[in-house]
Amino acid sequence: MLLERKRFVSFDGGITENAEFLRPDRYRMVEASLGKKYRIVRGGGYSYAAASFGGGSIVQDFTLFNRVLEFDSQSGLIKVEAGISLSDLLSVTVPRGFWLPVIPGYPAITVGGCVAANVHGKNPSQRGTFRNYVEELTLFHPAYGVRSISELKDPLVFHLTCGGYGLTGAIISATLRLERLPGSKTLVKRISVGSFNEGLEVISEVGRQNDFAYSMHQAYPDRKIIGRGYVSTGGMVPDESATWQTNAQVKMINASGRGRIPFSVFGGLRTRLILTVHWLTERAKPTTVTEPLYDSLFPFVGKEHYFTLYGKRGLVECQVIVPYKESEQFLNELQRLLLKEQVPAVMGSIKLFKGEPRLLRFEMDGVCVALDLVRCEKTMRFLSAMDQLTISTGGIPFVIKDSRLPAKTINSCYPEYELMKEYLLNYDPDRLFRSEMSQRLGL
Amino acid sequence: MIYLIVGASAGLGRCLSQQLASLGHDLILISSSREDLKAMASDLKIRHRIKVEIIPADISAGDEYLDEVEKIIKTMKGLDGIFCPVGAVSDSDDLCLYPARVGLLTNVNYMSVASLITRLWPFLTQQPRRTVVVGFGSIAAVRGRSQNIAYSAAKRALMSFFESLRHAAATSQVVVQFYILGYLDTNQAFGKKTLLPRAKLERLCRKIVDNLQKDFGATYYPRYWSFIALLLKLTPWFLFKRLTF
């Protein structure tokens, strides 16, 4: 099998590596022997961390495995190949009156990536994480061949795979449990808030009654600006039409295209200026709108310039869940740190989370806080302090969102870190599937 | 319309199947891999609500599968077109190639395609409307060189076959088209250093589908290859023999 050499970059621009890759388009190519060579599967390549390349692995691009294999319009079960993108999947299911309630923010993310990172959507306190909608997986590992796994049949491998960052093998297909869709339009209400804590209060009030509830805050370290933002909340509007369309200009961005501007447009007063214009623009918009489901599920479509403005050097995102009781203190301390250190932060967001922590999956009951920052030395120092804050409040960081997270932090935050290592080693003593991220985290 | 595609589970055949299915055409798909064909058929049926029949067959292994093809065409009540984006290359296709391998390359790239079209020709001529046969050659066959020897020879034979076919079809409703392809973004070219960029499959397939009614004979894709092919043909031998590509 012929391999090509290609330069891969993590979506945040933090990790770049040359690696050999192949692009199988037939099942026999997936199962073809690569001997004892390390390998890792890549889907859309939207991980902020280098989870789909690096570590000396051959990259197996699975985007050609994007077919719908089975669909039962009675039960809502759909079996799809792992390389299918979320937008492609929903373009099949929405016109038939079904959707997947856990959808991360970008349409080109693949189902395989959603499983491997056990992603969450717009209201994880109500809908949980992606694994809740996975009925069965077809997994290939050279030591086991192709096999089907489910939570009932093989719980350990299932939990090692959902939120296992692709280390248990190549996910070939997934059977997902879809839900009936009341309509293909959403009623979105935007509530203006003045601080992170106010955002949290509002989400706590409205989150339980809505299909989605999250807040976006400006995070520029200035007392007049920091924390101001909007809570977006809403749900499906019952209607007859079930169409899959968007009002936005769809021009997909990818990890290499994100860094096309050689410098960061964000930074210092430029960030302040951009955020002021953004704030004024947002304020001019109506507080209640009806929009296509596509636009509510993928709010970043048409706003990709947000990521390109960080330039070639990229951004840093840190996303953590902290327990409810610690959340207010956490947000106060976060704001204090940002102001004191004058960290080049740009945007932040808050969601409520409900979940059962296990192994390294990003789940627990609490408040999920995300922060986007310009990549620079000051940011790195701030993130070390953030790690300490996360540890001290009993929180967990999302390893897929932060390409610099050290193994030490993960070990301190995730009680089952050592267990995950042990399980992986028992499952695959050769540890054939590996990435820069898995190597950095000592998995 | 009902179209038959040979080599349907990967590369150009897969892309063509998707384009034709998206226009609502029913399909008969042939490929050596049953598993990939089943996946293709499920996907196309679910997405586009069309009829798809599959025939897992290694077309180089003999013509027995054609009985099954005929049976399905009769069940589907006709055939409106045949697409043959099928082929095989070998990295060691020079004079060191085993004779059996030469036979295989000739079979896949020429004989099996000619055999299939000859057998199914009556179905196309019987239709009261325009039908189409589309073949695919290669830029490698423009002028023989010390690489891809058997492959180029077979593709040149195929081109000659399509010329004859077009002549034979001149008084009928059958349109015969032949695309001479440069580098394409498929796994056949994957990992190989190519002198020029690889063309996107989606654009080629759109062009093929748009051109279905046109009687143009043979064409190069991408079009700039026609100029390169002319240069290659005109290159004097004393220069051509020094070229290593």
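To continue, consider the confidence of the model for chain B. Keep in mind that low pLDDT regions are not for reading the predicted coordinates in detail. On average, residues of chain B carry a pLDDT of 93, and 100% of them reach 70 or more. Listed scores for the predicted complex are pTM 0.94 and ipTM 0.91.

Moving on to helix α14 (residues 417–427) of chain A. Residues and elements named next belong to chain A. Turning to α14, its buried residues are Y417, M420, L424 and Y427. The buried residues of α14 occupy an angular sector of 90 degrees when projected down its axis, which confines them to one face. Structurally, α14 contributes buried residues whose contacts are with β8 (134–141), β9 (145–149), α5 (155–161) and α13 (407–413).

What follows deals with the sheet that holds strand β12 (residues 185–193) of chain A. Strand pairing in a sheet takes place through backbone hydrogen bonds and is either antiparallel or parallel in direction. All names here are of chain A. Read across the sheet, 8 strands follow the order β15-β12-β14-β13-β17-β18-β16-β19 without closing on themselves; strand pairing throughout is antiparallel. Since the sheet does not close on itself, it has two edges, and those belong to β15 (288–292) and β19 (396–397), each with one partner. Here strand β13 (residues 212–218) pairs with strand β14 (residues 229–237) via 6 bridges, running antiparallel. The residue bridging Y214 from the neighbouring strand is S232, located in β14. Its contacts with the sheet place helix α8 (residues 268–284) against β12, β13, β14 and β17 (345–353), and it is angled at close to 50 degrees to β17.

A separate point is the interface of chain A and chain B. Taken together, the contact pairs 24 residues of chain A with 23 residues of chain B. Across the interface of chain A and chain B, roughly 2100 Å² is buried in total on both sides, 44% from carbon and sulfur atoms. Looking only at chain A, the three residues that lose the most surface to chain B are L2(A), R23(A) and R67(A), adding up to 31% of its buried area. Taken together, the connections running from chain A to chain B amount to 4 salt bridges. Salt-bridge contacts for R23(A) lead to D185(B); the nearest nitrogen and oxygen are separated by 3.2 Å. On inspection of chain A and its partner chain B, the count reaches 12 residue pairs in polar contact (both at pLDDT 80 or more). Those elements giving two or more residues to the side of chain A that touches chain B turn out to be β2 (16–22), α1 (27–31), β5 (68–71) and α2 (86–93) of chain A. Per-element accounting of the side of chain A that touches chain B gives the leading share, 4 residues, to β5(A).

Attention now goes to the environment of K214(B). All names here are of chain B. With respect to the helices, strands and loops of the structure, K214 is situated in the loop between α6 (201–210) and β7 (217–221). Classification of K214 as partly exposed rests on a relative accessible area of 45%. For the pair formed by K214 and V132, sequence separation is 82 residues and the distance between their alpha carbons is 9.4 Å. Apart from residues no more than four positions distant in its own chain, K214 is found in contact with V175 and Q177.

All names here are of chain A. Spatial ordering of the open sheet is given by β5-β6-β10-β8-β9, a layout of 5 strands whose pairing is antiparallel. The open sheet has two free edges, formed respectively by β5 and β9, since each of these has just one partner strand. This sheet shows a mean twist of 15 degrees between the axes of neighbouring strands, independent of strand direction. With 5 bridges connecting them, β8 and β9 associate as antiparallel partners. Residue pairing in the sheet places L137 in a bridge with I149 of β9.

The description of an aromatic ring pair rests on the distance of the ring centres and on the angle between the ring planes. Scanning all chains against the criterion turns up 32 aromatic pairs over all chains. Ring geometry for F353(A) and F362(A): centres 5.7 Å apart, planes at 75 degrees, overall edge-to-face. Among the residues examined, F353(A) registers a relative accessible area of 0% and is labelled buried. F362(A) sits in the buried class, given a relative accessible area of 0%. Through pairs of rings, three or more aromatic residues link up here, namely F11(A), Y46(A), Y48(A), Y106(A), F266(A), F300(A), Y306(A), F307(A) and Y310(A). Lying over the aromatic face of F433(A), R39(A) brings its terminal NZ or CZ to 5.7 Å of the ring centre. Positioned above the aromatic ring of F240(B), the side-chain terminus of R143(B) is 4.0 Å from the ring centre.

The rules behind the values
- Residues numbered from 1 in each chain as written.
- Chains lettered and ligands numbered in written order.
- Predicted model: local features only at pLDDT ≥ 70, side-chain atom pairs only at ≥ 80, totals over all residues.
- Heavy atoms only, no water.
- pLDDT = per-residue confidence, 0-100.
- Buried < 20%, exposed > 50% of the residue type's maximum accessible area, 1.4 Å probe, protein only.
- Helix = DSSP H or I, 4+ residues; strand = E, 2+ residues; numbered from the N terminus.
- Arc of directions from axis to C-beta.
- Contact = heavy atoms within 4.5 Å.
- Pairing = 2+ DSSP bridges.
- Axes fitted to C-alpha atoms, helices over the stretch in contact; angles between N-to-C directions.
- Buried area = accessible area lost by both parts, 1.4 Å probe.
- Salt bridge = Lys/Arg side-chain N within 4 Å of Asp/Glu carboxyl O.
- Polar contact = N/O pair within 3.5 Å; in protein donor to acceptor, adjacent residues only side chain to side chain.
- Phe/Tyr/Trp six-rings, centres within 6.5 Å; stacked < 30°, edge-to-face > 60°.
- Lys NZ or Arg CZ within 6 Å of the ring centre and 35° of its normal.

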